[in-house]
Amino acid sequence: MNIFVTGHLGYIGVHLVELLKKAGHSVTGSDLGLFEGCEWEPLPKPDRDLRKDVRDLEESDLRGHDAVCHLAAISNDPMGELDPTLTQRVNRDASVRLAELAKAAKVKRFLFSSSCSVYGGGGDKALDETAPLDPLTEYARSKIETEQQVAKLADDRFTCAYLRNATAYGHSPMLRIDLVVNNLLACAVSTNEVRIMSDGSPWRPLIHCRDIARAFVAFLNAPTQAIQNQAINVGGNTENFRVRDVADQVQKLVPSAKIRYTGEVGHDPRNYRVSFDKLNRLIPDFKLHYTLASGMRELHAKLLDHRFSIDDFTGDQFTRLRTLKNRTHLLGLTPTTK
Ligand SMILES: NC(=O)c1ccc[n+]([C@@H]2O[C@H](COP(=O)([O-])OP(=O)(O)OC[C@H]3O[C@@H](n4cnc5c(N)ncnc54)[C@H](O)[C@@H]3O)[C@@H](O)[C@H]2O)c1
């Protein structure tokens, strides 16, 4: 198949390009390159590399493709608050427009990278896709509104699905350490401390970034009737953890590191456990390759191999928000914009 991947230079996208190429697909990657130069290992090459803002894509860019995997986004809650209008323009408006262009270009399948953060402060009960949505951030609102607006385009000739991904962690050639597991492990390796900014009680559904990429491949191969116009949580039922449980696992890998609760952000209102029964029911062949323990072991070994240092931990390279703040001009914002 000919697959159009947006955000192919991101943390998850680089895994997806590699998996699609391995499976024999032809890949067009389309990305603005916001984090260019931040990679810590060589990146897989798509067959075609489009350096374009997702807002500027045209129907002609999409023609000849069988499916779109749409990952390009201002990609997490704190970044979404940097400029809420921009977040909606890029994450919602450009996503809906992209789906319209894809449909006009006769692309058959549109897979949208949504997020379990749409459940917000759900609490201790495992939430399925019918649970009330409780978006606490502009980022989460942008994901819900995109799902709702793209849903209107789905029909017999255009299959749409919304992958509500759990919070990613783990090794990627385009590493991020601003995600909870990676942050705690990178902090322990570089500072000998596990610094927890909340009180450690919030639940998070976790998934290895490569397993998210594998889920996209599974959704490309899934029968239309299984996924048509469905929002589906992507993760594993045994992979919901409290932040303090993650910290305990970090300490097992770095026994000398002390756990410290900094209380910096007080009680983090984002707290949700998620059920992945629907995924298991609709795409039964899809199984996670990683558990939190195996994914953390892999990342720990990589951090040691790369001699991950305190400069790496405090620098811009691996932290999206810090890099983005210096590159807002790429998104058409003046540096003075908040
Ligand atoms: N990482 C997670 O925990 C997680 C969880 C759930 C959902 N998601 C979603 O998965 C997708 C990928 O996440 P990621 O962690 O790989 O993010 P990332 O920030 O590493 O990658 C996003 C990519 O999108 C590109 N991009 C951003 N704005 C763009 C624009 N206007 N035009 C073109 N390209 C643009 C960036 O250059 C970057 O390469 C996002 O949609 C994100 O919201 C991520």
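Look a little higher up for the structure.
Caption draft 1: Looking closely at the pairing of strand β2 (residues 26–30). Of all five residues in β2, four are buried; the element is thus mostly enclosed. Bridging between strand β1 (residues 2–6) and β2 involves five bridges; their strand directions are parallel. Of the residues in β2, the one forming a bridge with F4 is T28. Chirality of the crossover, the property in question, places the unit of β1, helix α1 (residues 13–22) and β2 among those that are right-handed. In terms of strand pairing, β2 meets strand β3 (residues 48–50) through three bridges, oriented parallel. The residue of β3 that forms the bridge with S30 is L50.

Caption draft 2: Region of the structure containing the site of the ligand. In the vicinity of the ligand lie 31 residues, with D31, S75, Y139, A168 and R176 positioned nearest. Take I12: an N or O atom from its main chain is 2.9 Å from an oxygen atom of the ligand. L34 is positioned with one of its backbone polar atoms (N or O) 3.0 Å from an oxygen atom of the ligand. Burial of the ligand by the protein amounts to 98% of the accessible area it has alone, namely 830 Å². Across the shell around the ligand, the residue classes tally to 16 nonpolar, nine polar and six charged.

Caption draft 3: Spatial organisation of the packing of helix α6 (residues 180–191) against helix α9 (residues 243–253). One way to put it is that α6 packs onto α9 with a least axis distance of 10 Å and a crossing angle of 35 degrees. Note on packing geometry: the crossing formed by α6 with α9 is right-handed. Judged by residue contacts, V180, V181, L184, L185 and A188 of α6 engage V243, V246, A247, V250 and L253 from α9. Looking at the contact of α6 with α9 residue by residue, the classes come out as ten nonpolar, no polar and no charged.

Caption draft 4: A look at the environment of T323. On the secondary structure map, T323 appears in helix α13 (residues 320–325). A C-alpha to C-alpha distance of 23 Å links T323 and R210, two positions 113 residues apart in sequence. Contact partners of T323, with chain neighbours within four places excluded, come to L34, F35, C38, D316 and Q317.

Caption draft 5: Highlighting the packing of aromatic side chains. Under the definition given, this model contains three aromatic pairs. Ring centres of F110 and F158 lie 6.3 Å apart, and the angle between their planes is 40 degrees; this geometry places the pair in the tilted category. Taken together, the residues span a long stretch of sequence, with F110 in strand β5 (residues 109–115) and F158 in the loop between α5 (138–151) and β7 (159–165) at a distance of 48 residues. Across the pair, exposure class does not vary: F110 and F158 are buried alike. Both rings, one in F308 and one in F318, keep their centres 5.7 Å apart while their planes meet at 45 degrees; by these two values the pair is tilted. Note that F308 is positioned in the loop between α11 (292–305) and α12 (310–314) and F318 in the loop between α12 and α13, a separation of ten residues in sequence. Classification of F308 by relative accessible area gives buried; the value is 6%.

Rules used in this analysis
- Residues numbered from 1 in each chain as written.
- Predicted model: local features only at pLDDT ≥ 70, side-chain atom pairs only at ≥ 80, totals over all residues.
- Heavy atoms only, no water.
- Buried < 20%, exposed > 50% of the residue type's maximum accessible area, 1.4 Å probe, protein only.
- Helix = DSSP H or I, 4+ residues; strand = E, 2+ residues; numbered from the N terminus.
- Pairing = 2+ DSSP bridges.
- Right-handed = clockwise from strand over helix to strand, strands pointing away.
- Near = heavy atom within 4 Å.
- Polar contact = N/O pair within 3.5 Å; in protein donor to acceptor, adjacent residues only side chain to side chain.
- Areas by Shrake-Rupley, 256 points an atom, 1.4 Å probe, with all protein chains shown as cover.
- Nonpolar A, V, L, I, M, F, W, Y, C, P; charged D, E, K, R; others polar.
- Axes fitted to C-alpha atoms, helices over the stretch in contact; angles between N-to-C directions.
- Left-handed = near helix turned anticlockwise from the far one by under 90°.
- Contact = heavy atoms within 4.5 Å.
- Phe/Tyr/Trp six-rings, centres within 6.5 Å; stacked < 30°, edge-to-face > 60°.

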